[in-house]
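Structural characterization, general
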Amino acid sequence: MEAMNSTTASAQTQLLEVSLGPQHPSTHGVFRMNATLDGETIVKLKPVLGYLHRNHEQIGESITYIASFPFTDRLDYFCAMSNNLGLALAIEKLGGIPVSERGEYLRVIMAELTRLVNHTAITGFLLNDMGAFGTPLLYAFREREKILDLFEAASGSRMMCNYIRPGGVRQDVPPGWLEQVRQLVDGYPTFLDEFEQLLTENEIVKQRTQHVGVLPKELATNASVTGPLLRACGVNYDVRKVDGYSIYPRFAFKVPLGTIGDVYDRYYLRILEMRESVKILQQALKEINTASPSISPKGQAMVKAPRTFRPPKGEAYGRIEAPKGELGFFLVSDGTPQPYRYHIRSPSFVNLTVLEDMCLGQKVADAIIILGSIDIVLGEVDR
Amino acid sequence: MALVGKGVLQGMGLTLRTFLETYPWGRGLLRVLGRSIKDGLVTVQYPDVKQQHHERFRYFPFLVYDGAPENLRCVSCKICEQECPPQCIHIVGPAKDEQGRPLKANGRTYPVKFDIDVSICMSCRICVDVCPFDAIEMDNQYELSGMDRFDAMNFTKEKLLKSNEYFQQIKPTEAGEVDQRLAAKAAKASPKPAGAPPQNPAAPTP
């Protein structure tokens with residue numbers, strides 16, 4: 001240490017500021033990291049947000065409750081279905097709307113398929129960030145596309161589904177759709193095995209990700225981090241188990257946990273979560289036939305006349321375990337067709353707050369994969 | 001440490017197999033080697049080959065008419081304009097004569113202008129859900145680009161009008177349901193015209 005100081009005293013080194021983004025392929029959107037580097041080591045990192053701000057909450061306060069659904073599709077554009085579900089739960093709580101059995105099953109099927117879509121895609125993107133350009137991402141997208149095809153058959157759109165409504169879903173699924181899902185779900189573990197063969201034991205992946213971006217348990221809980229990022233640290237917190245919303249308590253599934261909370265844990269946790277999702281889907285597909293065929297207890301009332309829906313004065317918070325973490329919708333009603341206050345607790349945004357703590361002391365190339373492992377979507381961060 | 005690199009080689013093997021599966025000769029080779037084969041080709045060459053869309057695929061709304069374009073179902077009630085989340089629908093109407101009385105075609109009022117801005121529309125289908133007359137439906141045409149930023153992107157009533165036969169052709173299930181619903185409504189209204197649904201602005205005023 002002494003020797004180093006003597007040499008640097010004459011060489012006059014200084015810190016270098018690098019602006020990663022907002023137009024950078026690895027930032028998953030328009031996000032900027034102002035990193036201060038000492039050589040290649042990060043000593044300070046400042047996230048700059050807001051490039052994709054679209055005023056979603058304010059718009060939500062000027063339109064009816066139902067008209068907010070297409071906007072929630074565009075929050076986290078990978079998980080349109082689960083975003084719809086979050087808002088639907090909040091509205092149901094606010095207005096005291098009962099949900100039909102079949103609607104519940106269809107919602108769970110959609111939400112778990114969304115989890116498969118998100119985790120598959122994010123694993124591909126993570127590898128893309130590491131420099132495995134193309135191959136894992138395209139394998140992931142090949143599978144994702146199959147699920148998006150099913151979404152298109154059910155809702156009319158691959159990504160901007162706008163399908164779930166308070167009280168159920170907008171339309172019943174077309175005939176034969178459940179059979180297609182069953183086939184896909186039964187085949188999914190094979191794909192996961194293949195994917196794991198490609199990545200899990202790969203020495204290069206291990207070298208790049210193990211002990212990189214470690215997030216301590218205490219910091220994670222204090223920063224209210226949720227989702228796979230929190231569970232990779234070993235904290236057992238899953239809203240599906242804790243809150244038991246919708247009909248999740250009926251299904252037997254485990255909550256996988258990581259050990260030290262590095263990037264590798266987060267990658268592997270997502271693979272395990274997908275395997276659990278497959279289990280939930282298989283149970284739901286088995287049980288859905290026993291539910292009554294009506295998709296919504298009040299017919300299509302919530303679809304046809306949005307302006308007649310005036311929930312009583314009060315407030316409600318509906319939350320779900322979105323693929324990225326706890327997604328919450330907070331609604332305050334003043335008795336008019338529009339919400340008085342409409343707030344979103346988005347997992348991407350909250351999880352991003354620990355970015356600097358994970359990046360300090362790491363190399364600049366690791367900052368990219370740490371950001372990739374948080375799994376952010378800028379549509380949700382900036383709203 | 002003798003096994004270092006095994007994971008990488010395994011992954012490479014998988015990549016090679018997937019590569020071979022995308023070519024006919026590669027599939028032939030795999031068949032000779034006795035491996036299980038699936039068709040690895042999952043993409044289509046877009047402008048030449050088009051993907052088959054599902055029946056519910058929605059892209060942009062259109063106005064339905066029965067028989068002749070003058071006989072459009074829209075009565076210019078402006079519910080869709082009001083409920084459209086991005087506010088891309090602009091309606092002028094209903095059409096009126098000099099005394100301010102609504103003009104009617106086939107017993108229904110009709111809009112003077114009905115414009116939808118393609119560049120703003122986000123294909124959410126809420127206009128279809130809220131329309132009480134089943135006058136607006138979703139089209140599955142998605143190649144709507146134009147050479148001009150304003151006029152070409154603003155679809156007027158003439159451009160939006162499409163026949164019910166077209167609707168039946170692109171979405172047989174949904175059109176069948178709509179036709180049934182309308183027939184039931186007509187059967188209910190025809191025995192005594194005075195008992196038309198109260199929300200119907202086309203109800204005759206003496």
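Residues numbered from 1 in each chain as written. Chains lettered and ligands numbered in written order. Predicted model: local features only at pLDDT ≥ 70, side-chain atom pairs only at ≥ 80, totals over all residues. Heavy atoms only, no water.

1. Comments concerning unusual backbone geometry
With a phi close to 65°, A:Asn55 is a non-glycine residue in the positive phi region. The residue A:Asn55 is located in the loop between strand E3 (41–48) and helix H2 (56–62) in this model. (Helix = DSSP H or I, 4+ residues; strand = E, 2+ residues; numbered from the N terminus.)

2. Here's the deal with the interface of chain A and chain B
Taken together, the 36 residues of chain A in the interface contact 32 residues of chain B. The junction of chain A with chain B conceals about 2900 Å² of combined surface from both sides, 49% of it contributed by carbon and sulfur atoms. Put simply, chain A and chain B have 2 salt bridges between them. Along the contact surface separating chain A from chain B lie 15 residue pairs in polar contact (both at pLDDT 80 or more). Those elements that place two or more of their residues in the side of chain A that touches chain B are helix H3 (69–73), helix H6 (135–155), helix H7 (177–199), helix H8 (203–209) and helix H13 (301–304) of chain A. (Contact = heavy atoms within 4.5 Å. Buried area = accessible area lost by both parts, 1.4 Å probe. Salt bridge = Lys/Arg side-chain N within 4 Å of Asp/Glu carboxyl O. Polar contact = N/O pair within 3.5 Å; in protein donor to acceptor, adjacent residues only side chain to side chain.)

3. Re the packing of helix H5 (residues 101–130) of chain A against H6(A)
All names here are of chain A. Two numbers describe how H5 lies on H6: the axes approach to 8 Å, and their chain directions differ by 155°. It follows that H5 is roughly antiparallel to H6 by the angle criterion. Considering how the two elements wind past one another, H5 and H6 form a crossing that is left-handed. The segment H5 lies against H6, with Met110, Leu113, Thr114, Leu116, Val117, Thr120, Ala121, Gly124, Phe125, Leu127 and Asn128 engaging Pro136, Leu137, Ala140, Phe141, Glu143, Arg144, Ile147, Leu148, Phe151 and Ala154. Looking at the contact of H5 with H6 residue by residue, the classes come out as 15 nonpolar, 4 polar and 2 charged. (Axes fitted to C-alpha atoms, helices over the stretch in contact; angles between N-to-C directions. Parallel < 35°, antiparallel > 145°, perpendicular 65-115°, else oblique. Left-handed = near helix turned anticlockwise from the far one by under 90°. Nonpolar A, V, L, I, M, F, W, Y, C, P; charged D, E, K, R; others polar.)

4. Focus on the sheet that holds strand E4 (residues 136–139) of chain B
Residues and elements named next belong to chain B. Across the sheet, which stays open at both edges, the 3 strands sit in the order E4-E1-E6 with mixed pairing between neighbours. Looking at strand neighbours, the two that pair on one side only are E4 and strand E6 (161–163), the edges of this open sheet. Recorded for the sheet is a direction-independent mean angle of 55° between the axes of neighbouring strands. Direction of pairing for strand E1 (residues 60–65) relative to E4: antiparallel, over a ladder of 4 bridges. Bridging across to E4, Phe62 finds its partner in Glu137. (Pairing = 2+ DSSP bridges.)

5. As for the nonpolar core
If you look at the biggest cluster of nonpolar residues, it comprises 109 residues, and the most contacted ones within it are A:Ile109, A:Leu113, A:Tyr163, A:Trp177 and A:Leu355. Here this core gets 12 residues from one element, more than from any other, and that element is H5(A). Beyond its immediate chain neighbours, meaning those up to four positions away, A:Ile109 contacts A:Trp177, A:Leu178, A:Val181, A:Leu281, A:Ala284, A:Leu285 and A:Ile288. Residues B:Ile89, B:Ile116, B:Val128 and B:Leu160 belong to the second largest nonpolar core, which totals 27 residues. (Core = buried A, V, L, I, M, F, W, Y, C linked by side-chain atoms within 4.5 Å. Buried < 20%, exposed > 50% of the residue type's maximum accessible area, 1.4 Å probe, protein only.)

6. What about the sheet that holds strand E7 (residues 325–333) of chain A?
Residue and element names in this part refer to chain A. Spatially, E6-E7-E8 is the arrangement adopted by the 3 strands of the open sheet, whose pairing is antiparallel. Every other strand in the sheet has two partners, leaving strand E6 (314–322) and strand E8 (339–345) as the edge strands with one partner each. On average, each strand axis in the sheet is tilted by 10° relative to the strand beside it, whichever way the strands run. Taken together, the 6 bridges between E7 and E8 define a ladder with antiparallel strand orientation. Pairing of Phe330 across the sheet is with His343, part of E8. Contacts from helix H4 (residues 80–95) reach E6, E7 and E8 within the one sheet, and its direction differs from that of E6 by about 150°.

7. So, the environment of B:Pro61
All names here are of chain B. Tracing the backbone through its elements, the reader meets Pro61 in strand E1. Counting along the chain gives 92 residues from Pro61 to Met153, while the straight-line C-alpha distance between them is 13 Å. With near-sequence residues (within four places) excluded, Pro61 lies in contact with Ile116, Cys121, Cys127, Ile136, Glu137, Met138, Asp139 and Leu160.

8. Here's the deal with the pattern of salt bridges
Pairing between side chains becomes possible if they bear opposite charge and their charged atoms approach one another. Residues and elements named next belong to chain A. This model, assessed by the stated rule, comprises 36 salt bridges over all chains. Notably, a salt bridge pairs Arg319 with Asp243, separated by 3.3 Å at the nearest N-O pair. Separated by 76 residues along the polypeptide, Arg319 in strand E6 and Asp243 in the loop between helix H11 (239–242) and helix H12 (263–287) bring together distant segments of the chain. Judged by its relative accessible area of 34%, Asp243 is partly exposed. Shared partners join several salt bridges into a network, and the residues in it are Glu112, Arg115, Arg231, Asp238, Arg240, Glu273 and Glu321.

9. Considering a nonpolar patch on the surface
All names here are of chain B. Taken together, Leu16, Phe19, Tyr23, Trp25, Leu29 and Leu33 make up a surface patch of nonpolar side chains, about 640 Å² in accessible area. Put simply, the parts of the chain that give the nonpolar patch at least two residues each are helix H1 (6–21) and helix H2 (24–32). By the secondary structure assignment, Phe19 is in helix H1. (Patch = residues over 30% accessible without salt bridge, like charges linked within 9 Å, V, L, I, M, F, W, Y side chains within 5 Å. Areas by Shrake-Rupley, 256 points an atom, 1.4 Å probe, with all protein chains shown as cover.)

10. Considerations on the packing of H1(B) against H2(B)
All names here are of chain B. At a minimum axis distance of 6 Å, the contact between H1 and H2 shows a crossing angle of 120°. Of the possible angle classes, the one that applies to H1 and H2 is oblique. Facing Arg17, Phe19, Leu20 and Glu21 of H1, the residues of H2 in contact are Trp25, Gly26, Arg27, Leu29 and Leu30. Of the residues belonging to the contact of H1 with H2, the class tally is 5 nonpolar, 1 polar and 3 charged.

11. Section: the side chain of A:Asp73
Here A:Asp73 lies in helix H3. Not counting chain neighbours up to four residues away, the residues in contact with A:Asp73 comprise A:Ala80, A:Asn83, A:Asn84, A:Met160, A:Cys161 and A:Asn162.

12. What to know about the packing of aromatic side chains
Residue and element names in this part refer to chain A. Tallied over the entire structure, the rule returns 19 aromatic pairs over all chains. Look at Tyr248 and Phe253: their rings are 6.3 Å apart centre to centre, the planes differ by 65°, and that puts the pair in the edge-to-face class. On the basis of relative accessibility, which here comes to 1%, the residue Tyr248 falls in the buried class. For Phe253, a relative accessible area of 7% puts it in the buried group. It is Arg383 that lies over the ring of Phe349; its NZ or CZ is 5.6 Å from the centre. (Phe/Tyr/Trp six-rings, centres within 6.5 Å; stacked < 30°, edge-to-face > 60°. Lys NZ or Arg CZ within 6 Å of the ring centre and 35° of its normal.)

13. Description of the environment of B:Tyr110
Tracing the backbone shows B:Tyr110 in the loop between strand E2 (89–92) and strand E3 (113–117). Taking C-alpha positions, B:Tyr110 is 68 Å from B:Val32, a pair spaced 78 residues apart along the chain.

14. Some words on the environment of A:Ala80
Considering the arrangement of structural elements, one finds A:Ala80 in helix H4. With residues up to four places along the chain from it excluded, the contact list for A:Ala80 reads A:Asp73, A:Met159 and A:Cys161.

Remember, this is a structural readout, not a statement about activity or role.
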